[in-house]
Amino acid sequence: MQIYLNGELMHTPCQNLLELVQSLALEGKRFAVEMNEMIIPKSKLEHTPISDQDRIEIIHAVGGG
């Protein structure tokens, strides 16, 4: 299926948001997920299915000094 990830069209075989996060190697890191203009808590990623044409924003926190 095709989704918009951070504004860019991409193809993904992922079925839910947790699979998408894992495919991006973000699991265990600090990030926030928004899908179709709604913030999705990390506890709900596995139970939130992805549909064709969903708009997903993933913000990854990067530390530094």
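Cut-offs and rules
- Residues numbered from 1 in each chain as written.
- Predicted model: local features only at pLDDT ≥ 70, side-chain atom pairs only at ≥ 80, totals over all residues.
- Heavy atoms only, no water.
- Phe/Tyr/Trp six-rings, centres within 6.5 Å; stacked < 30°, edge-to-face > 60°.
- Lys NZ or Arg CZ within 6 Å of the ring centre and 35° of its normal.
- Pairing = 2+ DSSP bridges.
- Helix = DSSP H or I, 4+ residues; strand = E, 2+ residues; numbered from the N terminus.
- Axes fitted to C-alpha atoms, helices over the stretch in contact; angles between N-to-C directions.

As recorded in an unreviewed UniProt entry, the chain goes by Thiamine biosynthesis protein ThiS and comes from Acinetobacter radioresistens SK82.

J.: Would you explain the packing of aromatic side chains in this entry?
T.: Applying the stated rule across the entire model yields zero aromatic pairs. Residue placement shows K42 over the ring face of F31; its charged tip is 4.4 Å from the ring centre. Note that R55 overlies the ring of Y4, its terminal NZ or CZ placed 4.1 Å from the centroid.

J.: I would appreciate a short explanation of the sheet that holds strand β1 (residues 2-5) in the present structure.
T.: Think of a sheet as strands paired side by side through backbone hydrogen bonds, with each pair either parallel or antiparallel. One open sheet holds the five strands; their spatial order is β2-β1-β5-β3-β4, and the pairing between them is mixed. A single partner strand is all that each edge strand has here, and the edge strands are β2 (8-11) and β4 (38-40). Recorded for the sheet is a direction-independent mean angle of 35 degrees between the axes of neighbouring strands. Sheet topology note: the β1/β2 ladder contains four bridges and is antiparallel. Across the sheet, I3 pairs through a bridge with M10, a residue of β2.

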